[in-house]
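If you want the building blocks of each chain, they are given just below.
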Amino acid sequence: MTTTLSHARFSSADYERIATAIRWIDAHIEQQPETGQIAAAAGLSVAHFSRLFRRWAGISPGRYLKHRTLLQASHALDGGASVLEAALSSGLSGPSRLHDLFVSMEAMTPGEYKADAAGLDLAYDFAQSPFGDILVVRSDRGIVELQFVDSTGQQGALDALRARWPAARFTSNARAADDVVAALAGDRSTLQLCPRGTNFQLKVWRALLAIPEGATARYADVAASVGQPNAARAVGNAVGANPIAWLIPCHRVLRANGALGGYRWGPERKAVVLAWEQCQAVANSDRGPCNPAATPR
């Protein structure tokens, strides 16, 4: 069973086309390409590409290009406080914030962690997202994993899941991904996360939840925010071990030089997820606070 978004359907082909377009835009910002050029790079007609991009991003390809141009310029000029420091000092408020509106985290108990979740019942479901197919796994206390499905397919993803949780009991549940799908569609209902990690990893993952949607931070910023400014490498390892993609936004952490850096689910997907979030921030600023029914410009 694979759940799909109720208001718009996304396929793996959609994701591949958008990923191609995003990659091409980022490589040609200095040339300020026309929409027709971007559509050609994605192998689509201008009309089809424009509709697909608006459905995927909530804004037009032209507005995205303008936003990326301004963002690149601001990064080049940035010499002050980090984005994370600014966000923390401002109380993390604003209409473009996503995770502080609907994500809370209650980790597994030490006993559950050490016992490899012996006797724990886990429900799973596959769903489609703007970033490719996902596997959502949850206990009765919340979401324990959100993984992108790679080239191994659904069966490969399930085999890897069972290997990570050898003592758990698994059940296929067609409703297990419903709240994640709703969140992707713009529903800000509360999501409860229940990841498995060490105390240090949990501390880092909570810090990731403080990075605003549409923004990024450096590994050093995250290390400083958890009180260990010299532990950027350890923070990087904790970021890489994040078991709940997107909802715990490890994709928002960049290298010291601003480069994307690594990503558990591939650097191209990281770029696409960041692009989608930046588009949501722009769209939300146009629409006003939490007004998903407004028509994107």
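Cut-offs applied
For every chain, the first residue of the written sequence is number 1, and numbering continues from 1 along that sequence. With the structure being a predicted model, the display of local features is reserved for residues of pLDDT at least 70 and the display and counting of side-chain atom pairs for 80 or more, all residues being used for whole-chain, interface and lining totals. Remark: hydrogens and water are excluded; side-chain values derive from all non-hydrogen atoms of the structure. Think of it this way: any DSSP run of H or I at least four residues long counts as a helix, any run of E at least two long counts as a strand, and we number them from the N terminus. Each residue's exposure class comes from its accessible area (1.4 Å probe, protein chains only) as a fraction of the maximum for that residue type: buried when under 20%, exposed when over 50%, partly exposed otherwise. The method behind every accessible area is Shrake-Rupley, applied with a 1.4 Å probe, and residues are considered shielded solely by the protein chains displayed. Note on definitions: salt bridges are taken to be side-chain nitrogens of Lys or Arg within 4 Å of carboxyl oxygens of Asp or Glu. Contact between two residues is taken to exist if any of their heavy atoms lie within 4.5 Å; hydrogens are not considered. Here, expected helix span is obtained from the residue count minus one, scaled by 1.5 Å. This arc is built from the directions going out from the helix axis to the C-beta atoms. Axis definition: a line fitted to C-alpha atoms, over the contacting stretch in the case of helices. Angles run 0 to 180 degrees between N-to-C directions. Roughly parallel here means an angle under 35 degrees, roughly antiparallel means over 145, roughly perpendicular means 65 to 115, and every remaining angle is called oblique. Put simply, Ala, Val, Leu, Ile, Met, Phe, Trp, Tyr, Cys and Pro go in the nonpolar bin, Asp, Glu, Lys and Arg in the charged bin, and everything else, Gly too, in the polar bin.

Visitor: So, the overall build of the protein: which residues are in play, and what are the values?
Guide: Secondary structure summary: the protein contains 13 helices and nine strands in total. Here the protein, with 297 residues, has 49% of them falling under the buried criterion. Put simply, the protein shows about 13,200 Å² of open surface, and 52% of that area lies on carbon and sulfur atoms.

Visitor: So what's going on with the pattern of salt bridges? Which residues, and what values?
Guide: Within the structure shown, the criterion is met by eight salt bridges. One salt bridge in this structure joins Asp-14 and Arg-17, with 3.9 Å as the shortest N-O distance. Linking Asp-14 with Arg-17, this pair stays in helix α1 (residues 12-27), spanning three residues, or about one helical turn. For Arg-175, the salt bridge goes to Asp-178, with nearest N and O atoms at 2.1 Å. In this structure Arg-175 comes out as exposed when scored by relative accessible area, which is 61%. Residues joined in a network through salt bridges with shared partners are Asp-14, Arg-17 and Arg-55.

Visitor: Please set out the environment of Ala-283 residue by residue, giving values where relevant.
Guide: If you trace the backbone, Ala-283 turns up in helix α13 (residues 267-287). Ala-283 sits in the buried class, given a relative accessible area of 1%. Ala-283 sits 226 residues away from Ala-57 along the chain, and the two C-alpha atoms are 8.3 Å apart. Those residues in contact with Ala-283 that sit more than four places away from it in its chain are Gly-58 and Ile-59.

Visitor: Tell me what's going on with helix α3 (residues 46-57), and back it up with residues and numbers.
Guide: With twelve residues, α3 should reach 16 Å at 1.5 Å per residue; the first-to-last C-alpha distance of 16 Å fits that figure. Turning to α3, its buried residues number three or more, namely Phe-49, Leu-52, Phe-53, Trp-56 and Ala-57. All buried residues of α3 project into a common sector of 110° when viewed along the axis, lining one side. One or two steps after α3, the chain reaches Gly-58, where phi turns positive at roughly 85°.

Visitor: Can you explain the packing of α1 against α3? Please cite residues and give values.
Guide: At a closest axis distance of 11 Å, the pairing of α1 and α3 adopts a crossing angle of 100°. On the basis of the axis angle, α1 is roughly perpendicular to α3. Of the residues in α3, those in contact with Asp-14, Arg-17, Ile-18, Ala-21 and Ile-22 of α1 are Phe-49, Leu-52, Phe-53, Arg-55 and Trp-56. Looking at the contact of α1 with α3, its residues break down into seven nonpolar, no polar and three charged.

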